[in-house]
Amino acid sequence: MNQKKRILLLLGGLAAIIAVMFVVEYIRGISQANNSDGELQPGDVAIYWNGKLDLGFSAADLETLEKVTFTDKEDQKIQEGWLLKDILLNFYTNDQFSEDTVIRVSSSSRSLSATVIWDEVLNDKNFIMFDLSGRGTLKLVSVLERLDVRAEWVQDIDKIEINPQ
Amino acid sequence: MGPGYRQDRDKSTMKKQYFSTFQVFLMTFFAVLIVVAKIALRLPIQLSGHSGIFWMAIIIVGTRVVPKKGAASFIGLMSGIISAFKGLGDFGALNTLISYTAVGVGTDIALLVLRNQENLIYASLIGMVGHFGKFLVKWAFGVISGAPVGFVALGLGKALISYIVFGALGGILGGLTIVALKKAGYFAYLAEKK
């Protein structure tokens, strides 16, 4: 086999695998759309207000928001993403929340969750934010003491529950 | 029958090792180098897979230093074991172990087709395929665990391109390092050591 054929073989194999990946993603999208709560698009992160599905947001909703960064103390790695405060204020107004409004961020696929209150979310120094993980899903990271190491972060987020007191 | 007979018999019954002890030592050294680089080297680039630039360079140099089939997989597996124990990665030890190993397996597969790492075009393709192996595992774990599809789709295209580009750059860096080591006479020195 000559060089050209070898390169084409390798690139062809790579392209075939990538094509399969996108087909699988497409099928998953259809499947998740059938199983979701009607109003949500596949992959939307659902926001529940007082136990009721209120809305969902997608990647496009984050594009307009400003990104912030901090260096995590565990790995000294830069975490970059969107503040939870900015995401929520994109859909709600500040007066809809009280200082002790409880916000629960969870991942159904990983059975993980974290709970914060609005007062903490409002404080920019806490860096309660969503970072894009290595495989492109959202993860909750922060410098809050109970959320400042990898083991405490919530990956593959798909639900935010807001419970005003 | 003296001691000489016993030595001959031991030699004849001893199974020949695929990798010599020296080669295992070298491959383990490269695996450690990957983990150290992963922890210590921080590029100020907020793109997933950017570590592939040094990752693939180290693996490709490793496969030239130990030019045997399976060397990249061995380096990948060793780096995966060390990293899993070190707690690296966002998605747990198993994900870390398999994704690090996949880099090596991908590199070995590419090396079956393109054997010459000194050719920079080949090296970039080998780096690309090797690093893609890691991405594939991360994606597969996402599918298996039922990760949200939409954000994966957002990240998928971007992360895929990022992984491929940084893998290719790492491959080129590895290829250039091999050329430099060859010029410096490192491989001739290594041949004497064997």
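From a predicted model like this one, the values you see are computed outputs, not experimental measurements.

Attention now goes to the packing of helix H2 (residues 21–40) of chain B against helix H4 (residues 71–86) of chain B. Residue and element names in this part refer to chain B. In the contact formed by H2 and H4, the axes pass within 8 Å of each other and the chain directions differ by 45°. On the basis of their axis angle, the class for H2 and H4 is oblique. Between H2 and H4 the crossing geometry is right-handed. The residues of H4 that touch H2, namely those facing Met27, Thr28, Phe30, Ala31, Val32, Ile34, Val35 and Lys38, are Ala71, Phe74, Ile75, Met78, Ser79, Ile82, Ser83 and Lys86. Its residues assigned to classes, the contact of H2 with H4 shows eleven nonpolar, three polar and two charged.

A few words on unusual backbone geometry. Residue and element names in this part refer to chain A. The phi dihedral of Asn50 is positive, around 55°, even though this residue is not glycine. By secondary structure assignment, the location of Asn50 is in the loop between strand E1 (45–49) and strand E2 (52–57). Within the chain, Asp156 stands out as a residue other than glycine whose phi angle is a positive 55°. Summarising the element assignment, Asp156 is placed in the loop between strand E8 (138–141) and strand E9 (159–163).

Further remarks concern the sheet that holds strand E3 (residues 67–71) of chain A. Residue and element names in this part refer to chain A. If you walk across this open sheet you meet the four strands as E3-E4-E7-E8, and the pairing is antiparallel. The open sheet terminates on both sides in strands that have one partner only, identified here as E3 and E8. The mean angle between the axes of side-by-side strands here comes to 45°, regardless of whether they run parallel or antiparallel. Alignment of strand E7 (residues 129–132) against E8, held across four bridges, turns out to be antiparallel. Among the inter-strand pairings, Phe130 is bridged to a residue of E8, identified as Leu140.

All names here are of chain A. The pairing of E1 with E2 spans five bridges and is antiparallel. Bridge assignment links Ala46 to a residue of E2, and that residue is Gly56. Between E1 and E2, which pair antiparallel one after the other, the connecting turn spans two residues, and Asn50 there sits at a positive phi close to 55°.

Turning our attention to the domain arrangement of chain A. The domain boundaries assigned to chain A delineate domain 1 (1–35) and domain 2 (45–163). Distance from the C-alpha centre of domain 1 of chain A to the C-alpha centre of domain 2 of chain A: 32 Å.

Before going further, it helps to examine H4 of chain B. All names here are of chain B. An ideal rise of 1.5 Å per residue puts 22 Å on 16 residues; H4 measures up with 22 Å between its terminal C-alpha atoms. In terms of residue burial, H4 counts as a mostly covered element, since twelve of its 16 residues are buried. Looking at the packing, one finds that the buried side of H4 touches H2, helix H3 (52–65), helix H5 (93–113) and helix H6 (120–145). Following H4 by one or two positions, Gly87 has its phi on the positive side, about 80°.

All names here are of chain A. Read from one edge to the other, the open sheet built from five strands follows the order E2-E1-E9-E5-E6, with strand pairing classed as mixed. Strands at the two margins of the open sheet, each flanked by one partner only, are E2 and strand E6 (112–117). When strand polarity is set aside, the average angle formed by the axes of neighbouring strands in this sheet is 20°. Where strand E5 (residues 102–107) lies against E9, five bridges are found, and the strand directions are antiparallel. By the bridge assignment, Val105 is partnered in E9 with Ile160.

How two helices sit against one another is set out by the angle between their axes and by the gap between those axes. Residues and elements named next belong to chain B. Closest axis-to-axis distance for the H4/H5 pair is 7 Å, and the angle between their directions is 165°. Considered as vectors, H4 and H5 are oriented roughly antiparallel to each other. Relative to H5, the crossing made by H4 is right-handed. Contacts from Ala72, Ser73, Phe74, Ile75, Gly76, Leu77, Ser79, Gly80, Ile81, Ser83 and Ala84 of H4 reach H5 at Ala93, Thr96, Leu97, Tyr100, Thr101, Ala102, Val103, Gly104, Val105, Thr107, Asp108 and Leu111.

Residues Met27, Ala57, Ile58, Ile59, Ile75 and Ile126 of chain B are the most contacted members of the largest nonpolar core, which totals 50 residues. Examining the composition of this core, we find that eleven residues originate from one element, H6 of chain B, more than from any other. With 29 residues, the next largest nonpolar core counts Phe97, Met129, Trp153 and Ile157 of chain A among its residues.

Quick notes on the rules
The residue numbering used here restarts from 1 in each chain and proceeds along that chain's sequence as written. Both sets of labels track the order of writing: A upward for chains, 1 upward for ligands. At least 70 in pLDDT is required for a residue's local features to be given in this predicted model, at least 80 for side-chain atom pairs to be given and counted, and no such filter applies to totals for whole chains, interfaces and linings, which use all residues. Here an axis means a line fitted to C-alpha atoms, over the contact stretch when the element is a helix, while the angle between two N-to-C directions is reported on a 0 to 180 degree scale. Secondary structure counts use DSSP, requiring at least four H or I residues in a row for a helix and at least two E residues in a row for a strand, with both numbered from the N terminus. Angles are sorted into four bins: roughly parallel if under 35 degrees, roughly antiparallel if over 145, roughly perpendicular if 65 to 115, and oblique for all others. Here a crossing is taken to be left-handed if its near helix is turned anticlockwise relative to the far helix by less than a right angle, and right-handed if that turn runs clockwise. Whether two residues are in contact is decided by their C-beta atoms, placed from the backbone, lying within 7 Å. Note that Gly is not counted as nonpolar here; it falls among the polar residues with everything else outside the nonpolar set of Ala, Val, Leu, Ile, Met, Phe, Trp, Tyr, Cys and Pro and the charged set of Asp, Glu, Lys and Arg. Between any two strands, pairing holds if DSSP finds at least two bridges. The domain limits used here are those given by an automatic or database domain assignment. By definition here, a helix of n residues has an expected span of 1.5 Å times n minus one. Partly exposed residues are those falling between the two cut-offs: more than 12 but fewer than 20 other C-beta atoms within 10 Å of their own, whereas 20 or more means buried and 12 or fewer means exposed, with C-beta atoms placed from the backbone. For this entry, the nonpolar core is defined as buried Ala, Val, Leu, Ile, Met, Phe, Trp, Tyr and Cys residues connected by C-beta atoms within 7 Å.

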